[in-house]
Number of protein chains: 2
Amino acid sequence: MIHNPLRDLPAFDDIEDAAQQLRGITFHTPLLRNAALDERIGAPVWIKPETLQRTGSFKMRGAWNRISRIPEADRRRGIVAFSSGNHAQGVAESARILGLHATIVMPADAPKAKIDAARGRGAQVRLYDRLNESREHIAAEIVEKTGATLIRPFDDAWIMAGQGTVGLEAATDANAAGIALSSVICNASGGGLIAGVAVAFEALSPATQIWVAEPAGHDDIRRSLASGRIIANEPGCRSIADALLAPEPGMLPFQVHQRRLAGGFAATDDQLLDAMSFAFHHLKLVVEPGGACSLAVLLNNAGHFAARGPVLVVLSGGNVDADLFSKAIGRQPAVRVK
Amino acid sequence: MIHNPLRDLPAFDDIEDAAQQLRGITFHTPLLRNAALDERIGAPVWIKPETLQRTGSFKMRGAWNRISRIPEADRRRGIVAFSSGNHAQGVAESARILGLHATIVMPADAPKAKIDAARGRGAQVRLYDRLNESREHIAAEIVEKTGATLIRPFDDAWIMAGQGTVGLEAATDANAAGIALSSVICNASGGGLIAGVAVAFEALSPATQIWVAEPAGHDDIRRSLASGRIIANEPGCRSIADALLAPEPGMLPFQVHQRRLAGGFAATDDQLLDAMSFAFHHLKLVVEPGGACSLAVLLNNAGHFAARGPVLVVLSGGNVDADLFSKAIGRQPAVRVK
């Protein structure tokens, strides 16, 4: 049980508790199959499409599990969050449902779809310059001035437990269908989602290996795992995966990563665009660059995963601007049609 | 039970039988929810995404249910089909799995994605001019010359029973979840899918009204229902819904339509593009123009359906070229973000 969410790690029963908290708010997303993907990889692949989740990404799960637990007395002072976009949607939508005032600190170069959607949900958006301002400082100032509750994107046990319901659902569904998953490939930025997923699989499917997918140059979790300590990304390094640009692994999540992750792979921008295109042409799913990272890793390391057996790939988000999506799907990847 | 598939109508047990036949070949597609859609319509909406079905549309169901029943002795002479594209995928993929030779007669202006995909599945594609040639005649010639079995797109009880498994799955899932659907909105061209869906709901959820969605100018089923006899569309009338351009209701399907459909609505090209855009921005699903017709009808007749209660909308296909999809999603629809 979580006593101090800024210090405790979530256990499996915290994830079960989060699932109760999320009832009627988020959707139990299905496990999908695709014949073209199976054939391409040479092993059975299941897809967990969190793109279809409320707000278009898994982030609603953690946000609601955290925000709905704010004590009544603190609610009128509102909430504040910093986010590249998807956490912003989960926070803004949760605040809208609960009638709380939300301020979101977002990079000025975040996708327009994400900025507009946060505003459309009633949040106040404070834009900042990703390279010259600190989102943490801006958020801290707002907290000091207003008394608002800061909703961290991943370094919070309730957030991690909420995201872990992705793993709870997937492992439960896989077990019920008699599917023995060898690998899960999951995207990571700060690593809250993959940490929660890892805790859920540890309890429900302990033999399944959990692999992290990150953008090239932002593969801080992969490198931190390899060296046994937190290593930050080079500042200023760019990727089109706007959702996966946290500077380093979250402190709480990384404790789970060290215990449970099997390793990781990175995907280049070209590989992300190709994966988005594959998802359009074959899966018929809209996936954003960061959401497609796991698929890119699978497509580019098919042999590694096929040798192990059945794979689950988590598509974490689908909030992408029309122009970038059009660019990705117009690239004419190698024709593969099944 | 079906004795003569060109004369008999499918009964509910034929649909159950088709579901058995389809095991391990097609997927049981989920029922999805979307908060933005619920809010926009003002009633709970469930989505049956046959876009996620093998080959990108429901057509695989009917094709497999028909082709897998071809007697061993006839198989070596192959099969032939005429199709604007999605039936072609189902036929080609079924033939590929069974090792049969398939010839598909397709309009020269069919989406490139569909022509390429049929060829990619190993089918021989014979293109024809939609306005000056008869696909029926071309197919009949091939049958005469080769002895191939003709796989009709909808006027065949096994095809209709196969498509009906969409309704079997949806009604079964809705009943299991305690959802009392007031309306189903389903796309139609020749009307095999909606006929099968209607037979399944008649057995499992008889109070549910079944509504047909068609492109404007190709609303032959709606007009035929209203006048009590089969009325063809005006020849030469255009629509971007390439999957929904059959000249008139199928003879067998229309017998079911007359008994079971509540009525119908038509959607213009602009409404289809807006629905595709809505699906991209909010549902995060790739839907082709014809596949989005039901959603367009729902979005443009929200009051009609909300007054009746919970709605199921069948998204029948997602095989769309990148350039048309980019055009649809770049249209900047009214901003609605939840």
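Residues numbered from 1 in each chain as written. Chains lettered and ligands numbered in written order. Predicted model: local features only at pLDDT ≥ 70, side-chain atom pairs only at ≥ 80, totals over all residues. Heavy atoms only, no water.

Next up on the list: the relation of the copies chain B and chain A. Of the transformation superimposing chain B on chain A, the axial component is 0.0 Å and the angular component is 180°, with the fit at an RMSD of 0.0 Å. The relationship between the two copies is best expressed as a two-fold rotation axis. The residues that chain B uses at the interface reappear at the interface of chain A in 100% of cases, marking a shared surface. (Least-squares fit on C-alpha atoms with pLDDT ≥ 70 in both. Contact = heavy atoms within 4.5 Å.)

Right, let's get into the sheet that holds strand E4 (residues 124-128) of chain B. All names here are of chain B. Taken in spatial order, the four strands of this open sheet run E4-E3-E2-E5, and their pairing is parallel. Here the strands that pair on one side only, and so sit at the sheet edges, are E4 and strand E5 (149-150). As judged from the four bridges shared by strand E2 (residues 79-82) and strand E3 (residues 102-107), these two strands associate in the parallel manner. In the sheet register, Ala 81 faces E3, and the bridge partner there is Ile 104. (Pairing = 2+ DSSP bridges. Helix = DSSP H or I, 4+ residues; strand = E, 2+ residues; numbered from the N terminus.)

The next thing to look at is the sheet that holds strand E3 (residues 102-107) of chain A. Residues and elements named next belong to chain A. In space, the four strands of this open sheet follow the order E4-E3-E2-E5, with parallel pairing throughout. In this open sheet, the two edge strands, each paired with only one partner strand, are strand E4 (124-128) and strand E5 (149-150). Note that E3 and E4 share five bridges and pair parallel. Bridge pairing in E4 places Ile 104 opposite Val 125. Relative to the sheet, helix H6 (residues 112-120) contacts E3 and E4, its axis offset from that of E4 by approximately 150°. (Axes fitted to C-alpha atoms, helices over the stretch in contact; angles between N-to-C directions.)

If you roll a probe as big as a water molecule over the atoms, it shows you where there is empty space left. This model, assessed by the stated rule, comprises two cavities of 30 Å³ or more. Put simply, the largest cavity is a space of about 50 Å³. Looking at the largest cavity, the residues that line it are Thr 51, Leu 52 and Gln 53 of chain A together with Leu 32, Arg 33, Asn 34, Ile 47, His 282, Leu 283, Lys 284 and Leu 285 of chain B. Considering the residues around the second largest cavity, the lining is formed by Leu 32, Arg 33, Asn 34, Ile 47, Leu 283 and Leu 285 of chain A together with Leu 52 of chain B. The residue makeup of the lining of the second largest cavity, split by class, is five nonpolar, one polar and one charged. (1 Å grid on protein atoms, 1.4 Å probe; cavity = no way out; pocket = protein on both sides within 12 Å on 5 of 7 lines; lining within 4 Å. Points joined across faces, edges and corners; volume = space filled by probe spheres on them. Nonpolar A, V, L, I, M, F, W, Y, C, P; charged D, E, K, R; others polar.)

Right, let's get into the interface of chain B and chain A. Chain B puts 33 residues into the contact, and the matching count from chain A is 33 residues. Interface area, chain B with chain A, both sides summed: about 2700 Å², of which 68% is carbon and sulfur. Counting across the interface, chain B meets chain A through two salt bridges. With a closest N to O distance of 3.1 Å, Arg 96 of chain A and Glu 39 of chain B form a salt bridge. (Buried area = accessible area lost by both parts, 1.4 Å probe. Salt bridge = Lys/Arg side-chain N within 4 Å of Asp/Glu carboxyl O.)

Attention shifts here to the pattern of salt bridges. Residues and elements named next belong to chain A. A complete count under the given rule lists 46 salt bridges over all chains for this structure. Between Arg 223 and Asp 219 there is a salt bridge, with its nearest N and O atoms 3.2 Å apart. Residue classification places Arg 223 among the partly exposed residues on the basis of a relative accessible area of 26%. With relative accessibility at 8%, the residue Asp 219 sits in the buried group. (Buried < 20%, exposed > 50% of the residue type's maximum accessible area, 1.4 Å probe, protein only.)

Along helix H13 (residues 293-300) of chain B, seven of the eight residues are buried, which leaves the element largely enclosed by surrounding structure. Along H13 of chain B, the positions that sit buried rather than exposed are Cys 293, Ser 294, Leu 295, Ala 296, Val 297, Leu 298 and Leu 299 of chain B.

With respect to the helices and strands, Thr 149 of chain B occurs in strand E5. Residue classification places Thr 149 of chain B among the buried residues on the basis of a relative accessible area of 15%.

This part covers the nonpolar core. Counting residues in hydrophobic clusters, the biggest one holds 86 residues, and the most contacted among them are Leu 37, Leu 285 and Phe 325 of chain A together with Leu 37, Leu 285 and Phe 325 of chain B. Contacts of Leu 37 of chain A, omitting those with residues within four sequence positions, involve Val 45, Ile 47, Phe 278, Leu 283, Leu 295, Leu 298 and Leu 299 of chain A. (Core = buried A, V, L, I, M, F, W, Y, C linked by side-chain atoms within 4.5 Å.)

A word on the packing of aromatic side chains. Taken as a whole, this structure holds 11 aromatic pairs over all chains when the rule is applied. When the ring of Phe 280 of chain A is compared with that of Phe 325 of chain A, the centres are 6.0 Å apart and the planes differ by 80°; the resulting orientation is edge-to-face. Pair noted here: Phe 280 of chain A is in helix H12 (residues 269-283) and Phe 325 of chain A is in helix H15 (residues 322-329), with a separation of 45 residues, a long-range link. A residue is classified by how much of its surface remains accessible, and Phe 280 of chain A, at 1% relative accessible area, is buried. Note on Phe 325 of chain A: relative accessible area 0%, which makes it buried. Ring centres of Trp 211 of chain B and Phe 305 of chain B lie 5.8 Å apart, and the angle between their planes is 85°; this geometry places the pair in the edge-to-face category. (Phe/Tyr/Trp six-rings, centres within 6.5 Å; stacked < 30°, edge-to-face > 60°.)

What follows is about the domain arrangement of chain A. When the parts come together, some accessible area is lost, and that loss is often what is quoted as the size of the interface. All names here are of chain A. Under the domain assignment, chain A is made up of domain 1 (12-57 + 158-329) and domain 2 (60-155). For domain 1 versus domain 2, the separation of C-alpha centres amounts to 23 Å. Counting from both sides, the interface comprises 39 residues of domain 1 and, opposite them, 29 residues of domain 2. Both sides of the domain 1 and domain 2 interface together cover about 2700 Å² of buried area, and 54% of this is carbon and sulfur. Of all residues in domain 1, Thr 55, Trp 158 and Ile 159 bury the most surface against domain 2, accounting for 25% of the area lost on that side. At the junction of domain 1 and domain 2, the tally comes to six salt bridges. With a shortest N-O distance of 2.7 Å, Glu 288 and Lys 114 are connected by a salt bridge. One can count 19 residue pairs in polar contact (both at pLDDT 80 or more) joining domain 1 with domain 2. Mapped onto the side of domain 1 that touches domain 2, the elements with two or more residues apiece are helix H1 (12-21), helix H8 (157-176) and helix H11 (251-260). (Domains from an automatic or database assignment. Polar contact = N/O pair within 3.5 Å; in protein donor to acceptor, adjacent residues only side chain to side chain.)

Residues and elements named next belong to chain B. Extensive coverage of strand E8 (residues 261-267) is indicated by the burial of five of its seven residues. As defined by bridge partners, strand E7 (residues 209-215) adjoins E8 across six bridges and the pair is classed as parallel. Looking at E8, one finds that Pro 215 is bridged to Ala 267.

This part is about the pairing of strand E6 (residues 183-187) of chain B. Residues and elements named next belong to chain B. Burial analysis of E6 places five of its five residues in the buried class, the great majority of the element. Residue alternation in E6 divides its side chains into two sets, Ser 183, Ile 185 and Asn 187 and Val 184 and Cys 186, and both sets are buried. Sheet analysis places E6 next to E7, joined by five bridges and oriented parallel. Directly across from Asn 187, in E7, lies its bridge partner Ala 213. Viewed along the sheet, the connection from E6 through helix H9 (residues 192-204) into E7 turns out right-handed. (Right-handed = clockwise from strand over helix to strand, strands pointing away.)

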